[in-house]
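Summary of the model geometry
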Protein chains: 2
Amino acid sequence: MIRFTPVAVSLLLFAGMSAHGETATSAQMRLSETGSRTTIAGPAEHFTGRAYIDPLFSAVAPQRTGGAYVTFAPGARSDWHTHPLGQTLVVTSGTGWVQQWGRERKTIHAGDVVQCPPGVKHWHGATDKNTMVHLAIQESNDKGENVNWLEKVTDEQYLQAGEHE
Amino acid sequence: MIRFTPVAVSLLLFAGMSAHGETATSAQMRLSETGSRTTIAGPAEHFTGRAYIDPLFSAVAPQRTGGAYVTFAPGARSDWHTHPLGQTLVVTSGTGWVQQWGRERKTIHAGDVVQCPPGVKHWHGATDKNTMVHLAIQESNDKGENVNWLEKVTDEQYLQAGEHE
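Numbering of residues begins from 1 in every chain and follows the order in which that chain's sequence is written. Naming scheme: in the order in which they are written, chains are lettered from A and ligands are numbered from 1. pLDDT decides what is reported in this predicted model: residues at 70 or higher carry local features, side-chain atom pairs at 80 or more are listed and counted, and totals for whole chains, interfaces and linings draw on all residues regardless. Side-chain metrics rest on all non-hydrogen atoms present in the structure, leaving aside hydrogens and water.

Structural notes on the overall build of chain A
- A run of H or I in DSSP becomes a helix once it reaches four residues, and a run of E becomes a strand once it reaches two; helices and strands are each numbered from the N terminus. Looking only at helices and strands, chain A features two helices and 13 strands.
- Here's how the labels work: a residue is buried when its accessible area is under 20% of the maximum for its type, exposed when over 50%, partly exposed in between, all with a 1.4 Å probe on protein chains only. Per-residue burial over chain A gives 53% buried out of 165 residues.
- Residues count as neighbours in contact if any of their non-hydrogen atoms are within 4.5 Å of one another. In chain A, of all internal contacts separated by at least 6 residues, the share reaching a separation of at least 24 is 70%.
- Taken as a whole, chain A presents about 7,000 Å² of accessible surface, with 55% of it coming from carbon and sulfur. Surface accessibility follows the Shrake-Rupley procedure with a 1.4 Å probe radius. Residue values consider only the protein chains on display as shielding.

Here you go:
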């Protein structure tokens, strides 16, 4: 859901920069400390309500996976969107809603995991009465793209009757 | 660090199985509920001490990313290992240690993120006095491989003087 820019990479603290003969490679493990990454407000262009994005890591070739925590205030949700290489959500706190286009809205709780295949139109967010935080993980395609934003989720769509539980 | 088998995929609950004409694709969002996935003891073959693996998601082509929580008791750690396409650790609680071969051991805290490039030999675990939990995320290569296990981390390596902070 989140598009990372190269700026995010610069947020990482590069640890152990001095080279030692003991290593068989010049590649280095990178440690990004808590508190060193700046929270980004979810832009009104792609979110309804108050959402906050905490970038965690971005893809460094040949790796293509990036991730961020997203915190949704009650009533907040993403716009409808798809991901060229899909997305995985790990709910870390609270209660939220997620919906695939044309399907029933589902309630998600801390500990739930949602896997969204490539190209599947969906939205996710908090319920109208609860906060929800998830870790969002997505892979970028060869063009560096990891999300395609679509129209906003209307109040009618958001507040629909959900699944029968 | 974790090798997922196809069994892990079967742990996922497939939601919304009935097709609706509104969807442009037959692909379906999958919801795996908290408590539905079984914790796996970290095998003595690859871990020292008590470690517990909670599988979260495994790669479904064309996606190649899988993830799991790993909980380390005080003193517990992985063996030395590498990842063909690297690994990212998001520390979710506690305090642990991580070390790249030939470099100083580093202390990691909840909220820290560690990115390990492909082929870099390393280990991670709890400190000798604290638990540590991290979300481990790794991509699989074309052969389905995401980890190469190496020798055990000796007590001398584990308890070395760490970085000067």
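A few points about the relation of the copies chain A and chain B
- Alignment of the copies relies on least squares applied to C-alpha atoms, considering only residues that score at least 70 for pLDDT in both. Of the transformation placing chain A onto chain B, the axial shift is 0.0 Å and the rotation is 180 degrees, giving an RMSD of 0.0 Å. The superposition of one copy onto the other is thereby described by a two-fold rotation axis. Minimal C-alpha separation from the rotation axis in chain A is found for Thr-65 of chain A, amounting to 3.7 Å.
- Both copies present the same face, since 100% of the interface residues in chain A are matched by interface residues at the equivalent positions in chain B.

Digging into the interface of chain A and chain B
- Each partner contributes to the interface: chain A provides 56 residues, whereas chain B provides 56 residues.
- Taken together, both faces of the contact between chain A and chain B bury some 4,600 Å²; the carbon and sulfur share is 56%.
- Defined here as a combined quantity, buried area equals the accessible surface (1.4 Å probe) lost by two parts on assembly, summed across both. Looking only at chain A, the three residues that lose the most surface to chain B are Met-29, Arg-103 and Gln-115 of chain A, adding up to 18% of its buried area.
- Salt bridge criterion: a side-chain nitrogen from Lys or Arg within 4 Å of a carboxyl oxygen from Asp or Glu. Applying the counting criterion to the chain A and chain B interface returns zero salt bridges.
- Distance and chemistry together define a polar contact, namely a pair of N or O atoms within 3.5 Å, with one atom able to donate a hydrogen and the other to accept it when in protein, and with adjacent residues in sequence counting only for side-chain atoms on both sides. Across the chain A-chain B interface, the total number found is 25 residue pairs in polar contact (both at pLDDT 80 or more).
- Elements with a contribution of two residues or more to the side of chain A that touches chain B: strand S1 (30-32), strand S4 (51-57), strand S5 (65-72), strand S8 (87-100), strand S9 (106-109), strand S10 (113-116) and strand S12 (132-139) of chain A.
- Per-element accounting of the side of chain A that touches chain B gives the leading share, seven residues, to S8 of chain A.
- Residues were grouped as follows: Ala, Val, Leu, Ile, Met, Phe, Trp, Tyr, Cys and Pro as nonpolar; Asp, Glu, Lys and Arg as charged; and all remaining residues, including Gly, as polar. Of the residues assigned to the side of chain A that touches chain B, the class counts are 24 nonpolar, 23 polar and nine charged.

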